[in-house]
Amino acid sequence: MGVEICVEGLTKSFGQQVIWQDVSLTLPAGEVSVMLGPSGTGKSVFLKTLVGLLKPERGSVRIAGRDITKLREHDLYEVRKLFGVLFQDGALFGSMSLYDNIAFPLREHTRKPESEIRRIVLEKMDMVGLIGAEEKLPGEISGGMRKRAGLARALVLDPEIILFDEPDSGLDPVRVAYLNQLIVDLNAQIDATFLIVTHDIASARQVPDNIGLLFRRELVMFGPREKLLTSDEPVVRQFLNGRMQGPIGMAEEKDAAQVEQELAQLDAPTKAPGSQALTPRLLPGPGISRPPRWQAIASREAESHRKEVADA
Ligand SMILES: Nc1ncnc2c1ncn2[C@@H]1O[C@H](COP(=O)(O)OP(=O)(O)OP(=O)(O)O)[C@@H](O)[C@H]1O
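As the structure is a computational prediction, the values presented were derived from the model and not from experiment.

Draft legend 1. Highlighting the sheet that holds strand β4 (residues 58–63). Strand order in the open sheet formed by four strands is β2-β1-β4-β5, and the pairing between neighbours is antiparallel. At either margin of the open sheet sits one strand with a lone partner, and together these are β2 (17–27) and β5 (66–67). Pairing analysis gives seven bridges linking strand β1 (residues 5–14) to β2, with the strands arranged antiparallel. From the neighbouring strand, Phe14 faces β2, where its bridge partner is Gln17. Each of β1, β2 and β4 is contacted by helix α1 (residues 43–50), which is oriented at about 120 degrees to β1, the strand it contacts most.

Here you go:
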(Lines give C-alpha, C1' and ligand atoms only; values in the text may rest on other atoms or scores of the structure.)
Protein backbone atom coordinates (compact mmCIF):
# COMPACT_ATOMS: atom_id res chain seq x y z
CA MET A 1 0.00 0.00 0.00
CA GLY A 2 2.97 2.33 0.42
CA VAL A 3 4.13 4.03 3.58
CA GLU A 4 4.46 7.67 4.55
CA ILE A 5 7.91 9.19 4.98
CA CYS A 6 8.04 12.05 7.45
CA VAL A 7 11.19 14.17 7.36
CA GLU A 8 11.74 16.78 10.06
CA GLY A 9 14.48 19.36 10.51
CA LEU A 10 16.98 17.34 8.46
CA THR A 11 20.48 18.80 8.03
CA LYS A 12 23.36 17.22 6.13
CA SER A 13 26.95 18.45 5.81
CA PHE A 14 30.21 17.03 4.54
CA GLY A 15 32.90 18.63 6.71
CA GLN A 16 32.40 22.41 6.53
CA GLN A 17 30.10 22.13 3.48
CA VAL A 18 26.42 22.30 4.45
CA ILE A 19 24.47 20.50 1.71
CA TRP A 20 20.99 21.40 3.00
CA GLN A 21 19.57 22.32 6.38
CA ASP A 22 16.32 22.10 8.29
CA VAL A 23 14.49 20.17 5.57
CA SER A 24 10.98 19.14 6.64
CA LEU A 25 8.41 17.43 4.44
CA THR A 26 6.02 14.50 4.35
CA LEU A 27 5.93 12.15 1.37
CA PRO A 28 2.32 10.92 1.53
CA ALA A 29 1.78 7.16 1.39
CA GLY A 30 1.18 5.85 -2.12
CA GLU A 31 1.69 9.23 -3.82
CA VAL A 32 4.29 10.26 -6.38
CA SER A 33 6.58 13.11 -5.36
CA VAL A 34 9.31 14.77 -7.41
CA MET A 35 12.39 16.52 -6.00
CA LEU A 36 13.88 19.24 -8.18
CA GLY A 37 16.85 21.54 -7.77
CA PRO A 38 19.84 22.91 -9.64
CA SER A 39 22.84 20.58 -10.00
CA GLY A 40 24.76 20.06 -6.80
CA THR A 41 21.95 21.08 -4.44
CA GLY A 42 22.03 17.67 -2.81
CA LYS A 43 19.11 15.75 -4.34
CA SER A 44 21.04 12.48 -4.52
CA VAL A 45 22.36 13.09 -1.00
CA PHE A 46 18.72 13.48 0.08
CA LEU A 47 17.75 10.11 -1.45
CA LYS A 48 20.73 8.41 0.20
CA THR A 49 19.79 9.94 3.56
CA LEU A 50 16.24 8.60 3.24
CA VAL A 51 17.54 5.04 2.80
CA GLY A 52 20.00 5.46 5.68
CA LEU A 53 23.11 5.26 3.47
CA LEU A 54 24.15 8.70 4.76
CA LYS A 55 23.71 9.95 8.33
CA PRO A 56 22.38 13.50 8.82
CA GLU A 57 23.80 15.76 11.54
CA ARG A 58 20.33 16.75 12.76
CA GLY A 59 16.69 15.86 12.23
CA SER A 60 14.64 12.71 11.76
CA VAL A 61 13.31 10.50 8.97
CA ARG A 62 10.29 8.55 10.23
CA ILE A 63 9.27 5.54 8.16
CA ALA A 64 6.66 3.07 9.39
CA GLY A 65 6.90 4.57 12.88
CA ARG A 66 10.71 4.37 13.18
CA ASP A 67 13.29 7.14 12.95
CA ILE A 68 15.80 5.59 10.58
CA THR A 69 18.51 8.13 11.45
CA LYS A 70 18.71 6.51 14.90
CA LEU A 71 18.71 2.84 13.84
CA ARG A 72 21.64 0.51 14.14
CA GLU A 73 22.89 -1.27 11.01
CA HIS A 74 20.93 -4.48 11.72
CA ASP A 75 17.55 -2.68 12.11
CA LEU A 76 18.35 -0.43 9.17
CA TYR A 77 18.77 -3.56 7.06
CA GLU A 78 15.17 -4.50 7.90
CA VAL A 79 13.79 -1.03 7.05
CA ARG A 80 15.74 -0.98 3.78
CA LYS A 81 13.67 -3.95 2.62
CA LEU A 82 10.79 -1.48 2.28
CA PHE A 83 12.75 0.35 -0.44
CA GLY A 84 13.34 -0.23 -4.10
CA VAL A 85 15.91 2.10 -5.63
CA LEU A 86 16.40 2.87 -9.31
CA PHE A 87 19.89 4.29 -9.74
CA GLN A 88 20.80 6.62 -12.62
CA ASP A 89 22.46 4.00 -14.83
CA GLY A 90 20.28 1.12 -13.64
CA ALA A 91 23.35 -0.14 -11.66
CA LEU A 92 23.19 -3.55 -13.34
CA PHE A 93 25.96 -6.15 -13.13
CA GLY A 94 27.57 -6.09 -16.59
CA SER A 95 28.45 -9.78 -16.70
CA MET A 96 24.97 -11.03 -15.72
CA SER A 97 21.96 -11.49 -17.99
CA LEU A 98 18.96 -9.24 -17.37
CA TYR A 99 17.16 -12.24 -15.87
CA ASP A 100 19.95 -12.86 -13.34
CA ASN A 101 20.26 -9.16 -12.57
CA ILE A 102 16.56 -8.93 -11.78
CA ALA A 103 16.59 -12.20 -9.82
CA PHE A 104 19.59 -11.02 -7.78
CA PRO A 105 17.74 -9.38 -4.82
CA LEU A 106 15.44 -12.42 -4.52
CA ARG A 107 18.39 -14.84 -4.41
CA GLU A 108 20.26 -12.54 -2.01
CA HIS A 109 17.47 -11.64 0.44
CA THR A 110 14.94 -14.48 0.30
CA ARG A 111 14.90 -18.27 0.40
CA LYS A 112 12.40 -18.60 -2.40
CA PRO A 113 12.77 -21.63 -4.72
CA GLU A 114 13.96 -20.98 -8.29
CA SER A 115 10.46 -21.73 -9.66
CA GLU A 116 8.98 -18.92 -7.54
CA ILE A 117 11.89 -16.59 -8.43
CA ARG A 118 11.23 -17.28 -12.11
CA ARG A 119 7.55 -16.41 -11.71
CA ILE A 120 8.34 -13.11 -9.97
CA VAL A 121 11.15 -12.10 -12.36
CA LEU A 122 9.00 -12.75 -15.43
CA GLU A 123 6.06 -10.89 -13.87
CA LYS A 124 8.21 -7.79 -13.22
CA MET A 125 9.89 -8.02 -16.64
CA ASP A 126 6.41 -8.09 -18.14
CA MET A 127 5.37 -5.02 -16.14
CA VAL A 128 8.27 -2.99 -17.58
CA GLY A 129 7.93 -4.41 -21.11
CA LEU A 130 11.10 -6.53 -21.17
CA ILE A 131 9.72 -9.99 -21.89
CA GLY A 132 11.96 -11.68 -24.45
CA ALA A 133 15.12 -9.85 -23.30
CA GLU A 134 15.88 -12.24 -20.41
CA GLU A 135 19.20 -13.49 -21.77
CA LYS A 136 20.54 -10.11 -22.93
CA LEU A 137 23.54 -8.58 -21.18
CA PRO A 138 23.25 -4.94 -20.00
CA GLY A 139 25.89 -3.91 -22.56
CA GLU A 140 23.77 -5.25 -25.42
CA ILE A 141 20.68 -3.12 -24.77
CA SER A 142 19.74 0.57 -24.98
CA GLY A 143 19.85 3.02 -22.07
CA GLY A 144 16.06 3.02 -21.87
CA MET A 145 15.96 -0.77 -21.59
CA ARG A 146 18.65 -0.67 -18.90
CA LYS A 147 16.51 1.77 -16.89
CA ARG A 148 13.51 -0.52 -17.23
CA ALA A 149 15.61 -3.52 -16.17
CA GLY A 150 16.79 -1.50 -13.14
CA LEU A 151 13.16 -0.71 -12.39
CA ALA A 152 12.15 -4.40 -12.65
CA ARG A 153 14.95 -5.23 -10.23
CA ALA A 154 13.74 -2.49 -7.85
CA LEU A 155 10.27 -4.09 -7.93
CA VAL A 156 11.06 -7.74 -7.17
CA LEU A 157 10.92 -7.43 -3.38
CA ASP A 158 7.52 -5.68 -3.60
CA PRO A 159 8.77 -2.39 -2.11
CA GLU A 160 6.55 0.05 -0.24
CA ILE A 161 8.74 2.96 -1.35
CA ILE A 162 10.57 3.43 -4.66
CA LEU A 163 13.29 6.04 -5.08
CA PHE A 164 14.21 7.05 -8.63
CA ASP A 165 17.50 8.94 -9.15
CA GLU A 166 17.15 10.78 -12.47
CA PRO A 167 15.30 7.97 -14.26
CA ASP A 168 15.15 10.08 -17.43
CA SER A 169 18.84 11.05 -17.69
CA GLY A 170 20.37 10.15 -21.03
CA LEU A 171 17.05 9.18 -22.64
CA ASP A 172 15.51 10.78 -25.73
CA PRO A 173 12.18 12.63 -25.27
CA VAL A 174 10.11 9.74 -26.61
CA ARG A 175 11.74 7.22 -24.24
CA VAL A 176 11.21 9.71 -21.40
CA ALA A 177 7.49 9.88 -22.31
CA TYR A 178 7.24 6.06 -22.26
CA LEU A 179 9.11 5.89 -18.96
CA ASN A 180 6.82 8.51 -17.41
CA GLN A 181 3.78 6.52 -18.50
CA LEU A 182 5.34 3.40 -17.01
CA ILE A 183 5.93 5.22 -13.70
CA VAL A 184 2.31 6.49 -13.54
CA ASP A 185 0.95 3.03 -14.47
CA LEU A 186 3.16 1.28 -11.91
CA ASN A 187 2.14 3.66 -9.17
CA ALA A 188 -1.52 3.01 -9.94
CA GLN A 189 -0.92 -0.75 -9.92
CA ILE A 190 1.30 -1.21 -6.88
CA ASP A 191 0.39 1.91 -4.89
CA ALA A 192 3.88 2.31 -3.41
CA THR A 193 5.22 5.71 -2.34
CA PHE A 194 7.41 7.13 -5.14
CA LEU A 195 10.10 9.82 -4.90
CA ILE A 196 11.70 10.87 -8.18
CA VAL A 197 14.74 13.11 -8.55
CA THR A 198 14.73 14.65 -12.00
CA HIS A 199 15.91 17.61 -14.06
CA ASP A 200 13.20 17.09 -16.62
CA ILE A 201 10.65 19.85 -16.16
CA ALA A 202 8.09 18.32 -18.51
CA SER A 203 8.10 15.16 -16.38
CA ALA A 204 7.96 17.16 -13.15
CA ARG A 205 4.90 19.02 -14.44
CA GLN A 206 2.91 15.96 -15.52
CA VAL A 207 3.82 12.98 -13.37
CA PRO A 208 3.77 13.75 -9.64
CA ASP A 209 1.18 14.47 -6.99
CA ASN A 210 3.72 16.61 -5.12
CA ILE A 211 6.78 18.66 -6.04
CA GLY A 212 9.72 19.84 -3.91
CA LEU A 213 12.54 22.20 -4.81
CA LEU A 214 15.98 22.39 -3.17
CA PHE A 215 18.04 25.57 -3.61
CA ARG A 216 20.62 27.49 -1.57
CA ARG A 217 20.93 24.72 0.98
CA GLU A 218 17.21 24.76 1.74
CA LEU A 219 13.96 23.18 0.71
CA VAL A 220 12.37 26.23 -0.95
CA MET A 221 8.94 24.62 -1.19
CA PHE A 222 7.26 21.23 -1.07
CA GLY A 223 3.58 20.68 -1.74
CA PRO A 224 0.86 19.57 -4.15
CA ARG A 225 1.79 19.73 -7.84
CA GLU A 226 -0.79 22.41 -8.65
CA LYS A 227 0.47 24.64 -5.83
CA LEU A 228 4.02 24.71 -7.18
CA LEU A 229 2.98 24.94 -10.83
CA THR A 230 0.97 28.08 -10.08
CA SER A 231 3.38 29.50 -7.50
CA ASP A 232 4.74 33.05 -7.71
CA GLU A 233 7.80 32.17 -5.64
CA PRO A 234 10.65 33.42 -7.90
CA VAL A 235 12.93 30.36 -7.55
CA VAL A 236 10.02 27.98 -8.17
CA ARG A 237 8.77 29.98 -11.15
CA GLN A 238 12.23 30.19 -12.71
CA PHE A 239 12.99 26.51 -12.27
CA LEU A 240 9.63 25.18 -13.44
CA ASN A 241 9.79 27.40 -16.52
CA GLY A 242 13.46 26.63 -17.23
CA ARG A 243 14.39 30.32 -17.54
CA MET A 244 17.67 32.16 -17.13
CA GLN A 245 15.87 35.13 -15.53
CA GLY A 246 15.52 34.74 -11.78
CA PRO A 247 17.49 34.03 -8.62
CA ILE A 248 19.21 30.90 -9.96
CA GLY A 249 22.41 31.76 -11.81
CA MET A 250 25.05 29.77 -13.66
CA ALA A 251 27.09 29.45 -10.45
CA GLU A 252 24.01 28.98 -8.29
CA GLU A 253 22.88 32.45 -7.20
CA LYS A 254 22.77 36.07 -8.42
CA ASP A 255 22.71 39.40 -6.61
CA ALA A 256 19.33 40.80 -5.55
CA ALA A 257 19.32 43.89 -7.81
CA GLN A 258 19.93 41.84 -10.95
CA VAL A 259 17.19 39.40 -10.02
CA GLU A 260 14.71 42.21 -9.42
CA GLN A 261 15.48 43.79 -12.80
CA GLU A 262 15.17 40.48 -14.64
CA LEU A 263 11.88 39.59 -13.01
CA ALA A 264 10.43 43.05 -13.75
CA GLN A 265 11.35 42.67 -17.43
CA LEU A 266 9.93 39.18 -17.51
CA ASP A 267 6.62 40.10 -15.93
CA ALA A 268 5.96 43.23 -17.98
CA PRO A 269 4.94 41.80 -21.35
CA THR A 270 3.74 38.43 -20.10
CA LYS A 271 0.99 37.21 -17.85
CA ALA A 272 0.45 38.43 -14.31
CA PRO A 273 2.04 36.53 -11.43
CA GLY A 274 -0.08 33.60 -10.34
CA SER A 275 -1.44 32.94 -13.80
CA GLN A 276 0.80 29.99 -14.65
CA ALA A 277 -0.71 27.25 -16.74
CA LEU A 278 -1.55 24.05 -14.88
CA THR A 279 -0.15 21.31 -17.11
CA PRO A 280 -2.59 18.39 -17.43
CA ARG A 281 -1.67 15.37 -15.35
CA LEU A 282 -0.48 12.17 -17.01
CA LEU A 283 -3.18 9.52 -16.47
CA PRO A 284 -2.70 5.75 -16.12
CA GLY A 285 -3.01 3.91 -19.44
CA PRO A 286 -6.11 2.06 -20.67
CA GLY A 287 -7.19 -0.85 -18.48
CA ILE A 288 -5.34 0.42 -15.40
CA SER A 289 -7.73 1.64 -12.76
CA ARG A 290 -6.94 4.81 -10.90
CA PRO A 291 -6.18 4.61 -7.19
CA PRO A 292 -8.92 6.04 -4.91
CA ARG A 293 -6.85 9.12 -4.02
CA TRP A 294 -7.14 10.32 -7.63
CA GLN A 295 -10.65 11.59 -7.10
CA ALA A 296 -9.57 13.85 -4.22
CA ILE A 297 -6.55 15.08 -6.20
CA ALA A 298 -8.68 15.76 -9.29
CA SER A 299 -11.15 17.89 -7.29
CA ARG A 300 -8.24 19.71 -5.60
CA GLU A 301 -6.74 20.51 -9.01
CA ALA A 302 -10.09 21.55 -10.48
CA GLU A 303 -10.56 23.93 -7.55
CA SER A 304 -7.08 25.37 -8.10
CA HIS A 305 -7.89 25.84 -11.80
CA ARG A 306 -11.20 27.60 -10.99
CA LYS A 307 -9.36 29.92 -8.59
CA GLU A 308 -6.69 30.63 -11.21
CA VAL A 309 -9.32 31.55 -13.81
CA ALA A 310 -11.19 33.73 -11.31
CA ASP A 311 -7.96 35.55 -10.32
CA ALA A 312 -6.88 36.17 -13.92
N1 LIG B 1 30.09 11.20 0.04
C2 LIG B 1 30.31 12.51 -0.16
N3 LIG B 1 31.34 13.14 0.43
C4 LIG B 1 31.54 14.46 0.28
N5 LIG B 1 30.76 15.26 -0.50
C6 LIG B 1 29.72 14.69 -1.12
C7 LIG B 1 29.42 13.29 -0.99
N8 LIG B 1 28.32 13.01 -1.72
C9 LIG B 1 27.93 14.18 -2.28
N10 LIG B 1 28.77 15.18 -1.93
C11 LIG B 1 28.63 16.59 -2.32
O12 LIG B 1 27.31 16.98 -2.04
C13 LIG B 1 26.87 17.94 -3.00
C14 LIG B 1 25.51 17.53 -3.54
O15 LIG B 1 25.67 16.37 -4.35
P16 LIG B 1 24.45 15.62 -5.04
O17 LIG B 1 25.03 14.58 -5.93
O18 LIG B 1 23.48 15.18 -4.01
O19 LIG B 1 23.79 16.79 -5.88
P20 LIG B 1 22.58 16.69 -6.91
O21 LIG B 1 21.63 17.77 -6.55
O22 LIG B 1 22.05 15.30 -6.92
O23 LIG B 1 23.33 17.04 -8.25
P24 LIG B 1 23.00 16.63 -9.79
O25 LIG B 1 21.67 17.25 -10.09
O26 LIG B 1 24.10 17.26 -10.56
O27 LIG B 1 22.99 15.12 -9.85
C28 LIG B 1 27.96 18.04 -4.06
O29 LIG B 1 28.73 19.20 -3.80
C30 LIG B 1 28.78 16.79 -3.83
O31 LIG B 1 30.12 17.00 -4.16
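Draft legend 2. Fine view of the pairing of strand β9 (residues 210–215). The element β9 is extensively covered by neighbouring structure, given that six of its six residues are classed as buried. Here β9 shows two buried faces, one formed by Asn210, Gly212 and Leu214 and the other by Ile211, Leu213 and Phe215. Pairing between strand β3 (residues 32–36) and β9: four bridges, direction parallel. The residue bridging Val34 from the neighbouring strand is Ile211, located in β9. Sheet topology places β9 next to strand β10 (residues 218–224); six bridges connect them, and they run antiparallel. Among the inter-strand pairings, Gly212 is bridged to a residue of β10, identified as Phe222. Turn length for the β9-β10 hairpin, with the two strands adjacent in sequence and antiparallel, is two residues, and the turn residue Arg216 shows positive phi of about 50 degrees.

Quick notes on the rules
- Residues numbered from 1 in each chain as written.
- Predicted model: local features only at pLDDT ≥ 70, side-chain atom pairs only at ≥ 80, totals over all residues.
- Pairing = 2+ DSSP bridges.
- Helix = DSSP H or I, 4+ residues; strand = E, 2+ residues; numbered from the N terminus.
- Contact = placed C-beta atoms within 7 Å.
- Axes fitted to C-alpha atoms, helices over the stretch in contact; angles between N-to-C directions.
- Buried ≥ 20, exposed ≤ 12 C-beta atoms within 10 Å, placed from the backbone.

Take it as geometry only, folks, not as evidence of what the structure does.
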